[in-house]
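Structure assessment
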Amino acid sequence: MKAILIRYGELALKGLNRPFFEKRLIKNIRKKLKNIENISIKKEQGRIFIENLSEDHFNFAIERLKKVFGLVGFTICEVAEKEIEAIKSADLNAALNEIKKGKRTFKVETKRADKTFKLTSLEISRLVGAHLLKNLADMYGLVVDVHNPDFEVKIEIRDKAYVYSSEEKGIGGMPLGTGGKAHLLLSGGIDSPVAGFMIAKRGVEIEAVHFYSFPYTGEKAKEKVIDLCKVLAQFTDKLKLYIVPFIEIQTTIYEKCDEKYLTIIMRRFMMRIAERIAKLNGGMALVTGESIGQVASQTMESIICTNAAVSVPVLRPLVGMDKKEIIRIAKNIGTYDISILPYEDCCTVFVPKHPKTKPRLEEVIKEEEKLDIQLLIENAISNTEWMVIEDR
Ligand SMILES: Nc1ncnc2c1ncn2[C@@H]1O[C@H](COP(=O)(O)OP(=O)(O)OP(=O)(O)O)[C@@H](O)[C@H]1O
């Protein structure tokens, strides 16, 4: 019989909270594999096992598990009776799999969670190693190398014996839903989807808020943001997206305020509206894709001004990263190709000729006195649409 064995290391650090993290992780795994009928998921000291999978579901399940936060590694394993002959033959299968890939040197490592098993870990490893050499050395040139083997055969003695040889890396992080909830300001650009991914990877549930300037930004720009949410939803199970009409705010600022402050005042409106949406929907923080110095509007002074518009914390997971690193993550998670599609964002519709790159908060507040801030926010919020994008 085969099963999937899952390791989830980081959780081990979490002391008394551990059962809470584990429960949530299992719930997330179950949701991710909801399309496979009749599977059973069981937890065993630092491991999760998925059993009852039919042969053609293994690869599908593995692909889905690659997108579950909190997994350190996983592998398909052979499940054998806790009896040395059964263990030996499971090991033979595991080793043959590696030999097929051209690997020739090996070592055996045994972990004995069930201390009542009559052989010690070392004795099991020795017996199994000898069995593999006896059966495979002549035919395939298999040899032992304990220092730098091509592959390791691992045996875990628990309620049954679990045998495996190669392991895939999991995505890591913390199980989604264990770190509270935050609202992501999601543009159509490269950075904010990555910022959302990084915060979700810390276990934080996210909802997305997008500002759009119809008719200046068209349907395509909106579809692009929905497509970005579809990619993020593969990691977050589902993603609620709020689409906020922004044109009235932009045109009003444009008409009434000094053009130099257009960008910073616009940003402060985005923050205020996102904060309002967050507070109405259980969000405890905002997330943006800003990093210092990337563009003229992302100076320390601008950050001070945008922060001052809201009272909730603003998380900026990209703040210390350079563009190359951000692009690498965007490519890995699958948002990059969508982000580079050339549709206008609301921020590119009204761009001042000479923006203030180092705005002073007092000056910005003074400019904003020309506006009925509350009314503009109320209008935008009351015309906001939302949708829930599901992971299929
Ligand atoms: N139309 C929008 N809707 C929602 N949030 C936005 C929008 N435009 C910008 N933001 C937020 O403000 C941040 C800074 O925007 P800016 O255009 O200066 O930066 P950027 O580095 O190009 O970011 P991105 O690549 O995410 O667009 C974005 O990362 C995003 O969090």
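Residues numbered from 1 in each chain as written. Predicted model: local features only at pLDDT ≥ 70, side-chain atom pairs only at ≥ 80, totals over all residues. Heavy atoms only, no water.

What follows concerns the overall build of the protein chain. Helix and strand counts for the protein chain come out as 14 helices and 15 strands. Radius of gyration (C-alpha) of the protein chain: 27 Å, far over the 21 Å computed for a compact globule of 392 residues. If one aligns the C-alpha atoms of the protein chain with their principal axes, the spans along those axes are about 85 × 35 × 35 Å. Buried residues in the protein chain amount to 52% of all 392 residues. (Helix = DSSP H or I, 4+ residues; strand = E, 2+ residues; numbered from the N terminus. Rg over C-alpha atoms; globule rule 2.2 N^0.38 Å. Buried < 20%, exposed > 50% of the residue type's maximum accessible area, 1.4 Å probe, protein only.)

The next subject is the packing of helix 8 (residues 262-280) against helix 9 (residues 300-307). Between two packed helices, the angle of one axis relative to the other and the distance separating the axes together describe the packing. Relative to each other, helix 8 and helix 9 sit at 40°, their axes nearing to 9 Å. By the criterion of interaxial angle, the relationship of helix 8 to helix 9 is oblique. When you trace helix 8 past helix 9, the crossing you get is right-handed. Contacts between helix 8 and helix 9 involve I264, R267, R268 and M271 from the first element and S302, C305 and T306 from the second. Taken together, the residues that form the contact of helix 8 with helix 9 break down as 3 nonpolar, 2 polar and 2 charged. (Axes fitted to C-alpha atoms, helices over the stretch in contact; angles between N-to-C directions. Parallel < 35°, antiparallel > 145°, perpendicular 65-115°, else oblique. Left-handed = near helix turned anticlockwise from the far one by under 90°. Contact = heavy atoms within 4.5 Å. Nonpolar A, V, L, I, M, F, W, Y, C, P; charged D, E, K, R; others polar.)

A word on the nonpolar core. Judged by nonpolar contacts, the single largest core of 35 residues is most densely connected at F69, L184, F197, C229 and L241. A total of 6 residues in this core trace back to one element, the largest contributor, which is helix 6 (residues 219-236). Setting aside its immediate chain neighbours within four residues, L241 contacts A208, H210, V225, I226, C229, E385, W386, M387 and I389. Membership of the second largest hydrophobic core comes to 34 residues, among which are I264, M270, I277 and V312. (Core = buried A, V, L, I, M, F, W, Y, C linked by side-chain atoms within 4.5 Å.)

What follows covers a nonpolar patch on the surface. Residues I292, M300, I304 and V319 make up a contiguous nonpolar surface patch of about 350 Å² in total accessible area. Among the secondary structure elements, I304 is positioned in helix 9. Taking the relative accessible area as the measure of exposure, I304 reaches 49% and is therefore partly exposed. (Patch = residues over 30% accessible without salt bridge, like charges linked within 9 Å, V, L, I, M, F, W, Y side chains within 5 Å. Areas by Shrake-Rupley, 256 points an atom, 1.4 Å probe, with all protein chains shown as cover. Salt bridge = Lys/Arg side-chain N within 4 Å of Asp/Glu carboxyl O.)

Those residues of helix 10 (residues 323-333) that fall on the buried side of the exposure criterion are I326, I329, A330 and I333. The buried residues of helix 10 all sit within an arc of 100° when viewed along its axis, so they share a single face. With respect to the buried face of helix 10, the exposed residues turned more than 90 degrees away are K324, K331 and N332. At its buried positions, helix 10 is contacted by helix 5 (191-201), helix 6 and helix 11 (336-339). (Arc of directions from axis to C-beta.)

Now for the sheet that holds strand 15 (residues 385-390). Spatially, 6 strands are ordered 14-13-10-11-12-15 in an open sheet, and the strand pairing comes out mixed. One side of each edge strand has no neighbouring strand; the edge strands of this open sheet are strand 14 (314-315) and strand 15. Bridge analysis of strand 11 (residues 205-212) against strand 12 (residues 238-245) gives 5 bridges, and the strand direction is parallel. Counterpart to A208 in the pairing with strand 12 is L241. (Pairing = 2+ DSSP bridges.)

With numbering matched to this structure, UniProt assigns "binding site: ATP" (unreviewed entry) to L185, L186, H210, F211, R267, G289 and Q298. Structurally, the position occupied by H210 is in strand 11. Engagement of the side chain of H210 in a polar contact is seen with the backbone oxygen of L186, the distance being 2.8 Å. With respect to the secondary-structure elements, R267 resides in helix 8. (UniProt positions renumbered as here; feature names shortened; annotations may be inferred. Polar contact = N/O pair within 3.5 Å; in protein donor to acceptor, adjacent residues only side chain to side chain.)

Okay, the environment of P317 next. For P317, the position within the fold is in the loop between strand 14 and helix 10. The partly exposed category is assigned to P317, whose relative accessible area is 22%. Between the C-alpha atom of P317 and that of S291, which follows or precedes it by 26 residues, the distance is 8.2 Å. The contact partners of P317, leaving out residues within four places of it in the chain, are A195, M198, I199, V287 and T288.

Along an α-helix, a turn takes 3.6 residues, which lines up residues three or four apart on a common side. Taken together, the buried positions of helix 9 are S302, I303, C305 and T306. For helix 9, the buried positions fall inside an angular range of 160° around the axis, keeping them on one side. Summarising the contacts, the buried residues of helix 9 are in contact with helix 8 and helix 13 (361-368).

On to the environment of R18, then. Along the chain, R18 turns up in helix 1 (residues 18-32). On the basis of relative accessibility, which here comes to 24%, the residue R18 falls in the partly exposed class.

Time to look at the pattern of salt bridges. Using the criterion set out here, one finds 32 salt bridges in the structure. A salt bridge links K31 to D237; its shortest N-O distance comes to 3.6 Å. Separated by 206 residues along the polypeptide, K31 in helix 1 and D237 in the loop between helix 6 and strand 12 bring together distant segments of the chain. What emerges from the salt-bridge pattern is a single network uniting E44, R47, E156 and R158.

Another point: the state of the cysteines. Two cysteines, two sulfur atoms, one covalent bond between them: this is a disulfide. Following the criterion strictly, the structure yields 0 disulfides and no others. Free of any disulfide, C257 has its nearest cysteine sulfur in C305, 14 Å distant. (Disulfide = S-S within 2.5 Å.)

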